[in-house]
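A closer look at the structure
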Amino acid sequence: MTRHMTRRTRMTTMTAGLAVLLLATGCGAADMTKQASPFAGAQGAKTVTLSVQSWVGAQSNVAVAQYLLQHKLGYRVDTVQVDEVPAWDALSQGRVDALLEDWGHPEQEKRYVQDKKTIAPAGGLGVTGHIGWYVPTYFAEQHPDVTDWRNLNKYASQLRTAESGGKGQLLDGSPSYVTNDKALVNNLKLNYQVVFAGSEAAQITQMRQFAKEKKPFLTYWYAPQWLFKKVPMTEVKLPAYKEGCDADAKKVACAYPHTPLQKYLNADFAKSGGKAARFLKKFKWTTEDQNEVALMIADQKLTPEEAAKKWVDGHASTWKAWLS
Amino acid sequence: MATATAAASHVGVPAFLRRRAVRKLALLALAAAVLVPLADARWASGTWPHALTVDLTEPLGRASDWIIDNRDSHPLFLYFFGYVSNAVVLAVRGVYLVLLAAGWAGVTAAAALVAWRVAGVRLAAGTAVAFLVCGLLGMWVPTMQTLALMVVAVLASVVLGALLGLAAGLSDRTHRALRPILDTMQVLPAFAYLLPVVLVFGIGVPAAVLATVVYAAPPMARLTALGLRDADGGVLEAVESLGATARQRLLTARLPLARKELLLGLNQTIMMALSMAVIASVIGAGGLGDRVYQALASVDVGAALAAGIPIVLLAVVLDRVTGAAGEGPGADGSRRAGWAYAAAAAVAVALAGRFTHRLDWPDAWTVHIAAPVNRVVDWMTDHLYSGVPYLGGTADWAGHFTTWVLDPLRDGLQWLPWWSVLLIVAALAWLIGTWRTALTAVLAMAAIGVLGVWKPSLDTLAQVLAAVAVTLVLGFATGVAAARSDRVERLLRPVLDVFQTMPQFVYLIPVVALFGVGRAPAVAAAVVYALPAVVRITTQGLRAVDPAALESARSLGATGGQQLRQVQLPLARPALLLAVNQGVVLVLAVVIIGGLVGGGALGYDVVFGLAQGDLATGLVAGAAIVCLGLMLDRVTQPTGRRAKKGA
């Protein structure tokens, strides 16, 4: 009988606990736009939550921002790995405070920045991004004409793999990346099969394996990127980019544009984020800076924090301006 | 004598089955002879006819836009989902703050003392070591985040599962209605759930917790119902004769009698929640899973392993402790004092940590394992990828496997006329189960066609079949070896533990480094993941074979091989069938994640949907995975399992 009583007491405690929980959440409407991470601000620290995208360049931005926020401004920083499009969504809900490297998402920009005003632009990152098709430089040197798309069909048989069937393989990356490659292959009448590596990690691993054996390959890739230092690559010329030539996703037959990368903040955070928000708005560095950090993380296998520390120690003049 | 009758009845069963099988096939052939010409004339053969598909792109796109536009204003979100989301955030935050306040010493002490009370000194020591290793690897804070998430998700799953189980245990009608739902929930690969919850709750902890609850609640519900239904009739009658009310009967007799099942349910729920904690990192759950996922992005296997080991340790500790709780005796008065001492000791340690300002794990006490691990991985891939004398390299094997096995299998499946695929599915499911299982399987397969993803689904199916074949060959061989030698089994146990609980994401990069990008690495990862379950079930099944039967075979002069082939394997048939079924379900779960390493097909579409917020692509692929899982489960579901799980 006593056991039965304790069970009941436990049940009561649990119900009471739930009731307190509900009361604590407030009696009015629950606002889905104000949903910080439960791990934020623990132990009374001021917390900033940064979204990290899967490529190492984006990790480098975050590593340096995180290091400075923690060591110079006294914040606690939480990072969450999210792809770009979901990051926009998370930003609008306040789950993350900042997105430091956006490669251009006009649809999301219209929805969240202009219409709903839940996200505020925070200026450029200082880095210009460019997507293109690349072959390893050792292959381009042997066959200089491979760097023009018109000659690609000649090399299809050399670029064949088990996954590409009878055609040449065009290695594509993560599904989160902006790509027109399927349409391009089709519209430029190329005898190639787009093979999606499914993640950047898989794509890089495969490219390094090819490079180690000096095998030819053709890949979707982008700059700035640390891997160029390890596997030198030459861009394949596609029909020139003109404003609007990529408007219809099915009819694209031109190269990718050069995109100045942008930063975005949650609108509330931008207004009331204090020093952290001011700092993130001023954060602006060069492609070389980013590559330097990215190479330390991805190739020398330093932790992002160690890499950020090394860069910060050597570039005081650059980051001092962000703190003022 | 006893063995002779056992053998005789054993020979009798397949013959009887065979006769029934022929009848089923004949009936099916008859139905096909009538229906196929009709279908062929109306919609033609070959791939799934376009006329029979429904395009969901438009409505799903609209639904997604509606949710995003109304999420901040519509009452449904303001007064329901918003509360759910807030409650989850607050609960996780509460647990996390308590864990941080207890400090590393307090948490370790509390965990060790709980393990001591529940399972004895040895497990207590193991638990303490496990927690300290998490700290040593520099993963203390992420471990606490994962733990906070787990506590909330497991509590919610247990409450939900127990309520469902209670309803099913007390009412036959609810039980019948609930069983197919629970069956289905258990065969769904977790990856397919993520997108719908993300859409409603957004990226982050609430979505992760809810997806985990959906995944982890069914075993609790099932085992609660099982425990209540199996309660000893004699005891219940005795309690009733004492004039107890229905409520008293439940609380004083039925629930205590079901203790073992309830604890087993808790154990299963914890294990499933933990495996989901990592997959949920794809939708921003944070914690250890996120560390694994971030390490993957920079192709850093060592760092991924450093975050993966704490997950394995948590899983092993929680499994052993809850397992011991299930086997141990019930609580009694003398044990309560022990609990009080344990609680006091834990609080004392926590306070000591607090007053000496030792709450955070000291940075100096971390061991960096990433660099040496990466060197090992580099060496392996350098030396095995290609150019191994005589054998070729792993890249060549992967290429051959793709060209000689995966390609013909995929092309063959895609070449088959759509109605013949349905017929094959029907025949297989009916032969192994009832007409109901066959109907479910055929409907699930047809739904895939209707959704308009017939071709990619058959591509995924081909990968699953190839991976299952490899898994079964390796798994049965290892299982047989382990069943025949105690030493092999003892050696295998920790290896199997690690493979079973190590997050699948950790092996994705090594498999790419060894097998290149494509379907082959996806298959390899799936084999690694599914192998332990197959080995375990096979070993158990073979060991459970009646020793008398073996003894008599031995006395008749049968060699080891003969005993195995003619006595052990036939008698262990139900266990082997269960191994096949589990192998299939687990392989499917990982082949899907293979979308991240070039597996393509449905897995890629789900990842694409998540990455691009494209509900139409992601949700349709998710639904197709669910249907595929359901079909594969039904086609391989041994009839015995139903009776045994019974739930």
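Residues numbered from 1 in each chain as written. Chains lettered and ligands numbered in written order. Predicted model: local features only at pLDDT ≥ 70, side-chain atom pairs only at ≥ 80, totals over all residues. Heavy atoms only, no water.

Some points on the overall build of chain B
Regarding its fold elements, chain B presents 28 helices and 0 strands. With the C-alpha coordinates of chain B rotated into their principal frame, the extents come out at 80 × 65 × 65 Å. In chain B, which comprises 647 residues, the proportion classed as buried is 53%. For chain B, contacts bridging at least 24 residues in sequence account for 81% of all contacts bridging at least 6. Summing over all exposed atoms, chain B offers an accessible surface of approximately 28,000 Å²; the carbon and sulfur share of this is 68%. Distance from the positive charge centre (46 side chains) to the negative charge centre (34 side chains) of chain B: 9 Å. (Helix = DSSP H or I, 4+ residues; strand = E, 2+ residues; numbered from the N terminus. Buried < 20%, exposed > 50% of the residue type's maximum accessible area, 1.4 Å probe, protein only. Contact = heavy atoms within 4.5 Å. Areas by Shrake-Rupley, 256 points an atom, 1.4 Å probe, with all protein chains shown as cover. Lys, Arg positive; Asp, Glu negative; His and termini not counted. Charge placed at Lys NZ, Arg CZ, Asp CG, Glu CD.)

Section: the packing of helix H17 (residues 418-432) of chain B against helix H18 (residues 435-450) of chain B
Helix packing for two helices is described by the angle between their axes and how far apart those axes are. Residues and elements named next belong to chain B. Two elements in contact, H17 and H18, have axes separated by 8 Å at closest approach and are oriented at 155 degrees. On the basis of their axis angle, the class for H17 and H18 is roughly antiparallel. Here the hand of the crossing between H17 and H18 comes out right-handed. Touching Val-421, Leu-422, Val-425, Ala-426, Ala-429 and Trp-430 of H17 are Trp-435, Thr-437, Ala-438, Ala-441, Val-442, Met-445 and Ala-446, all from H18. When its residues are assigned to classes, the contact of H17 with H18 shows 12 nonpolar, 1 polar and no charged. (Axes fitted to C-alpha atoms, helices over the stretch in contact; angles between N-to-C directions. Parallel < 35°, antiparallel > 145°, perpendicular 65-115°, else oblique. Left-handed = near helix turned anticlockwise from the far one by under 90°. Nonpolar A, V, L, I, M, F, W, Y, C, P; charged D, E, K, R; others polar.)

Considerations on the interface of chain B and chain A
Contact with chain B, which involves 74 residues of that partner, is made by 65 residues of chain A. Overall, the association of chain B and chain A removes approximately 6,100 Å² of surface from exposure, summing both partners, and the carbon and sulfur fraction of that is 55%. If you sort the residues of chain B by the area they bury against chain A, Tyr-83, Ile-203 and Val-517 of chain B come out on top, with a joint share of 11%. Seen at the junction of chain B and chain A, the total is 2 salt bridges. The tally of links between chain B and chain A comes to 11 residue pairs in polar contact (both at pLDDT 80 or more). At 17 residues, helix H3 (residues 75-119) of chain B tops the list of elements feeding residues into the side of chain B that touches chain A. Residue composition of the side of chain B that touches chain A, grouped by class: 39 nonpolar, 23 polar and 12 charged. (Buried area = accessible area lost by both parts, 1.4 Å probe. Salt bridge = Lys/Arg side-chain N within 4 Å of Asp/Glu carboxyl O. Polar contact = N/O pair within 3.5 Å; in protein donor to acceptor, adjacent residues only side chain to side chain.)

As for the nonpolar core
The biggest cluster of nonpolar side chains holds 269 residues, and the ones touching the most others in it are Val-64, Trp-133 and Leu-280 of chain A together with Phe-505 and Met-631 of chain B. Built from parts of two domains, this core gets at least three residues from each of domain 1 (16-129 + 259-323) and domain 2 (130-258) of chain A. (Core = buried A, V, L, I, M, F, W, Y, C linked by side-chain atoms within 4.5 Å. Domains from an automatic or database assignment.)

Points about the pairing of strand S9 (residues 258-266) of chain A
When a strand is regular, its side chains alternate between the sheet's two faces. Residue and element names in this part refer to chain A. With 3 bridges connecting them, strand S3 (residues 98-102) and S9 associate as antiparallel partners. What sits directly across from Asp-102, in S9, is Gln-262. For strand S4 (residues 119-136) and S9, the ladder comprises 7 bridges, and the chain directions are antiparallel. Following the sheet pairing, Gly-124 is matched in S9 by Gln-262. (Pairing = 2+ DSSP bridges.)

Notes on the pattern of salt bridges
Residue and element names in this part refer to chain B. Throughout the structure, instances matching the rule amount to 20 salt bridges over all chains. Residue Arg-519 pairs with Asp-407 through a salt bridge whose shortest N-O separation is 2.7 Å. Residue Arg-519 is found in helix H22 (residues 519-543), and its partner Asp-407 is found in helix H16 (residues 394-415); the two are separated by 112 residues along the sequence. In terms of burial, Arg-519 and Asp-407 fall into one category: buried.

What about the UniProt feature "domain: ABC-type glycine betaine transport system substrate-binding" (unreviewed entry) in chain A?
Under the UniProt annotation, the feature "domain: ABC-type glycine betaine transport system substrate-binding" (unreviewed entry) is placed at residues 46-313 of chain A. End C-alpha to end C-alpha, residues 46-313 of chain A measures 24 Å, and it is 38% helix and 24% strand. (UniProt positions renumbered as here; feature names shortened; annotations may be inferred.)

Here's the deal with the environment of Ser-275 of chain B
Residues and elements named next belong to chain B. On the secondary structure map, Ser-275 appears in helix H11 (residues 259-279). For Ser-275, a relative accessible area of 24% gives the class partly exposed. The spatial distance from the C-alpha of Ser-275 to the C-alpha of Gly-412 is 34 Å, given a sequence separation of 137 residues.

Concerning the pairing of strand S7 (residues 218-223) of chain A
Residue and element names in this part refer to chain A. Of all 6 residues in S7, 5 are buried, a share of seventy percent or more. Pairing between S4 and S7: 5 bridges, direction antiparallel. Residue pairing for S7: Ile-131 is matched across the bridge by Tyr-222. Both strand S5 (residues 168-172) and S7 contribute to a ladder of 2 bridges, which runs parallel. Pairing of Leu-170 across the sheet is with Leu-218, part of S7.

Section: helix H10 (residues 274-282) of chain A
Residue and element names in this part refer to chain A. Of the positions making up H10, those classed as buried are Ala-276, Ala-277, Phe-279 and Leu-280. The buried residues of H10 occupy an angular sector of 160 degrees when projected down its axis, which confines them to one face. In this structure, the buried residues of H10 make contact with strand S1 (47-52), helix H2 (56-71), S3, S9, helix H9 (267-272) and helix H13 (316-323). (Arc of directions from axis to C-beta.)

Brief notes about unusual backbone geometry
Residues and elements named next belong to chain A. Of the consecutive residues Ala-223 and Pro-224, the connecting peptide bond is found in the cis state with omega at 5 degrees. Positive phi is not limited to glycine here, since Lys-189 has a value of about 55 degrees. Inspection of the secondary structure assignment puts Lys-189 in the loop between helix H6 (181-187) and strand S6 (192-196). Looking at Lys-189, the relative accessible area reads 66%, which means it is exposed. Its identity as a non-glycine residue notwithstanding, Lys-214 has a phi of 55 degrees, on the positive side. Note that Lys-214 resides in the loop between helix H7 (200-212) and S7.

Remarks on the packing of aromatic side chains
Inspection of every chain in the model, using the stated rule, returns 22 aromatic pairs over all chains. Both rings, one in Phe-279 of chain A and one in Phe-283 of chain A, keep their centres 6.2 Å apart while their planes meet at 85 degrees; by these two values the pair is edge-to-face. Summarising the burial analysis for this pair, Phe-279 of chain A and Phe-283 of chain A share the class buried. Members of the aromatic cluster, each reached through a chain of ring pairs, are Trp-55, Trp-103, Tyr-177, Tyr-220, Trp-221, Tyr-222 and Tyr-256 of chain A. The ring of Trp-116 of chain B has Arg-117 of chain B sitting right over it, with the charged end atom 4.9 Å from the ring centre. (Phe/Tyr/Trp six-rings, centres within 6.5 Å; stacked < 30°, edge-to-face > 60°. Lys NZ or Arg CZ within 6 Å of the ring centre and 35° of its normal.)

Observations regarding the domain arrangement of chain A
Residue and element names in this part refer to chain A. Per the domain assignment, the segments of chain A are domain 1 (16-129 + 259-323) and domain 2 (130-258). In this structure, domain 1 and domain 2 have C-alpha centres spaced 31 Å apart. A combined buried area of about 1,400 Å² lies between domain 1 and domain 2, and 62% of that area is made up of carbon and sulfur atoms. On the surface where domain 1 and domain 2 come into contact, there are 0 salt bridges. For the interface between domain 1 and domain 2, the tally reads 1 residue pair in polar contact (both at pLDDT 80 or more). Of all the secondary-structure elements, those providing two or more residues to the side of domain 1 that touches domain 2 are S4, S9 and helix H11 (287-298). Considering each element in turn, the side of domain 1 that touches domain 2 owes the most residues, 6 residues, to H11. Tallied by class, the residues present in the side of domain 1 that touches domain 2 amount to 8 nonpolar, 7 polar and 3 charged.

Structural notes on empty space enclosed by the protein
As enumerated under the stated definition, the model contains 6 cavities of 30 Å³ or more in all. As a volume, the largest cavity reaches approximately 190 Å³. Contributing elements (two or more residues each) for the lining of the largest cavity: H7 of chain A together with helix H12 (287-297), helix H21 (504-515) and helix H26 (601-612) of chain B. At 3 residues, H12 of chain B tops the list of elements feeding residues into the lining of the largest cavity. Residue composition of the lining of the largest cavity, grouped by class: 11 nonpolar, 5 polar and 2 charged. Structurally, the lining of the largest cavity is a two-domain feature, drawing no fewer than three residues from each of domain 1 (16-129 + 259-323) and domain 2 (130-258) of chain A. (1 Å grid on protein atoms, 1.4 Å probe; cavity = no way out; pocket = protein on both sides within 12 Å on 5 of 7 lines; lining within 4 Å. Points joined across faces, edges and corners; volume = space filled by probe spheres on them.)

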